[in-house]
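Take a look at the letters that make up each chain.
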Amino acid sequence: MGWQIVIGLVLGIICGIIFYGNQTAITAMENLGAIFLRLIQMIVMPIVISCLTVGIANIGDIHKLGRIGAKTLIYFEVLTTIALLIGIVVGNIAQPGAFVDIHAMQGSDISKYVATAKTAQHTGIWETLLAIVPTNFFKAVSEGDMMPVIFFSVLFGLGTASLGEKGKIIIDFLTAVQEVMFKVTNWVMKYAPIGVFGLIGMTIAQMGVKALLPLGYFILVAYLTMIFFCIVVLGLVAKIYHLHFWKTMRAVWDELLLAFTTASSEVTLPRLIDKTQKMGVKQGVASFVIPTGYTFNLDGSAIYQSLAALFLAQAYGIHLTLLHQITLLVVLMITSKGMAGVPGASFVVLLASVSTIGVPITGLTFIAGIDRLVDMGRTAVNVVGNSVATLVIGQSEAALDREQYERYLDEYGK
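This write-up is about the structure you can find in this document.

What counts and what doesn't
Residues numbered from 1 in each chain as written. Predicted model: local features only at pLDDT ≥ 70, side-chain atom pairs only at ≥ 80, totals over all residues. Heavy atoms only, no water. Phe/Tyr/Trp six-rings, centres within 6.5 Å; stacked < 30°, edge-to-face > 60°. Helix = DSSP H or I, 4+ residues; strand = E, 2+ residues; numbered from the N terminus. Lys NZ or Arg CZ within 6 Å of the ring centre and 35° of its normal. Buried < 20%, exposed > 50% of the residue type's maximum accessible area, 1.4 Å probe, protein only. Polar contact = N/O pair within 3.5 Å; in protein donor to acceptor, adjacent residues only side chain to side chain. Contact = heavy atoms within 4.5 Å. Axes fitted to C-alpha atoms, helices over the stretch in contact; angles between N-to-C directions. Parallel < 35°, antiparallel > 145°, perpendicular 65-115°, else oblique. Left-handed = near helix turned anticlockwise from the far one by under 90°. Nonpolar A, V, L, I, M, F, W, Y, C, P; charged D, E, K, R; others polar. Salt bridge = Lys/Arg side-chain N within 4 Å of Asp/Glu carboxyl O.

Notes on the packing of aromatic side chains
Throughout the structure, instances matching the rule amount to 9 aromatic pairs. When the ring of Phe137 is compared with that of Phe138, the centres are 5.4 Å apart and the planes differ by 65°; the resulting orientation is edge-to-face. Aromatic pair Tyr223 and Phe260: ring centres 6.4 Å apart, planes at 75°, arrangement edge-to-face. Of this pair, Tyr223 sits in helix α10 (residues 216–240) while Phe260 is found in helix α12 (residues 253–262), placing the two residues 37 residues apart along the sequence. Sitting over the ring of Tyr304, Arg378 keeps its end group 4.2 Å from the ring centre.

Details of unusual backbone geometry
Unusually for a residue other than glycine, His242 sits at a positive phi of about 60°. Structurally, the position occupied by His242 is in the loop between α10 and α11 (245–251). Phi is positive for Ala263, which is not a glycine, with a value near 55°. Mapping Ala263 onto the fold places it in the loop between α12 and α13 (269–278).

Here's the deal with the side chain of Thr261
With respect to the helices and strands, Thr261 occurs in helix α12. Judged by its relative accessible area of 0%, Thr261 is buried. Here the side chain of Thr261 touches Leu257 through a polar contact of 2.8 Å, landing on its backbone oxygen. In terms of polar contacts, Thr261 uses its side chain to reach the backbone carbonyl oxygen of Leu258, at 3.2 Å. Every residue in contact with Thr261, bar those within four places of it in the chain, is listed here: Ile5, Leu9, Val196, Leu199, Ile200, Arg372 and Met376.

Digging into the packing of helix α8 (residues 168–189) against α13
The geometry of α8 relative to α13 is characterised by a closest axis approach of 10 Å and an angle of 125° between their N-to-C directions. The angle between α8 and α13 places the two elements in the oblique class. α8 and α13 meet at a crossing whose hand is left-handed. Contacts from Phe182, Thr185 and Met189 of α8 reach α13 at Pro270, Arg271, Ile273 and Asp274. The residue makeup of the contact of α8 with α13, split by class, is 4 nonpolar, 1 polar and 2 charged.

Some thoughts on the pattern of salt bridges
Tallied over the full model, the rule gives 10 salt bridges. Taking the shortest distance from any N to any O, the salt bridge between Glu397 and Lys71 comes out at 2.7 Å. In this pair, Glu397 is assigned in the loop between α18 (371–396) and α19 (402–412) and Lys71 in helix α3 (residues 62–94), connecting sequence segments 326 residues apart. The exposure class assigned to Lys71 is partly exposed, which follows from its relative accessible area of 28%. With a shortest N-O distance of 3.4 Å, Asp410 and Lys247 are connected by a salt bridge. Taken together, the positions of Asp410 in helix α19 and Lys247 in helix α11 put the pair 163 residues apart, joining distant regions of the chain. Asp410 gets classed as partly exposed once you look at its relative accessible area, which sits at 36%. Judged by its relative accessible area of 32%, Lys247 is partly exposed. Here the salt bridges do not stand alone but share partners, grouping Arg67, Lys71 and Glu397 into one network.

Section: the environment of Phe366
Counting through the fold element by element, Phe366 comes out in the loop between α17 (345–353) and α18. The buried category is assigned to Phe366, whose relative accessible area is 17%. Along the primary structure Phe366 and Leu215 are separated by 151 residues, whereas in three dimensions their C-alpha atoms are 9.1 Å apart.

Rendered as structure tokens:
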């Protein structure tokens, strides 16, 4: 599938350049991409519910589940904090905003994010915790709200396990559901190259290549920083847990390419759950870590947020003291978790955070145009981070079959 997606990417770029500013072509390509994203959204929730419920039911032990949950969240918090710190350090060294004349740049419309950001600024820890507990499970499913769905599925899985033999009928039914949904996922993926063509073509046709030039250095710094984080930080984590980083990346290459070209984490979620299980991670761990990771373990987004905040401060000539930067780090740590699951979350986090260091909110209009382009990179990094996280938690919980892991990577590399 990888080469088909690359063809879709190349054709999308070509058509985007050819049809720059052509609203009819933009609408057509946008709808081609939207169909693909809707198809993915259609299958994500059934897969998460069925896989997670069956996986938790098979674990059965609430104490073991609590340990896995605590270990997963601590791991996510440590890695995203490291990502934020790296973004701030690189921002200070590279000074991407120092080379930009902010007053000569043309802004983009960010009104759709402003209302969400204002609401988010008033969201505290209790509101965030309450949002995890659903008042209506079916409402959470229909709105694609992942954390309440995970919370319910975990409880439902534990309840199913407590029934013993009586619960077997539920496990058998949901096992059949997940097998059906993985079949449907394979069918949906056949449309992926067309979806990629539409999403990339629409982006280029709307932005135009010229729009990238003033912010080219910022984009380059962002991508180099994300590559550094993947290779050095995640590579080191993989080495500590005796995992094969490069072989693993080769095994999830199609998912990385899909995440990059669509700038959507949801696209890869069903396939990653399936693939990490094939690598030898037990279903309970894979089906818990990956959906939770897409909410709390957004390493690429963390790098972008810290870099973008410093970029804007530098562009406006605002000097940030050490105290200012520590404040920014703490605010980003809090807001990025409180904003989990919000559409355009990375941009909304920035809107809710930059005012704390004196950056005008209007400044974000100047990077809104290239947000999707950077989003492609940060989404791919999120996929790398969650793939490694699943294997790490599996290894630490003795829930990774090493023989199966080695065999799968060797067979995949042939």
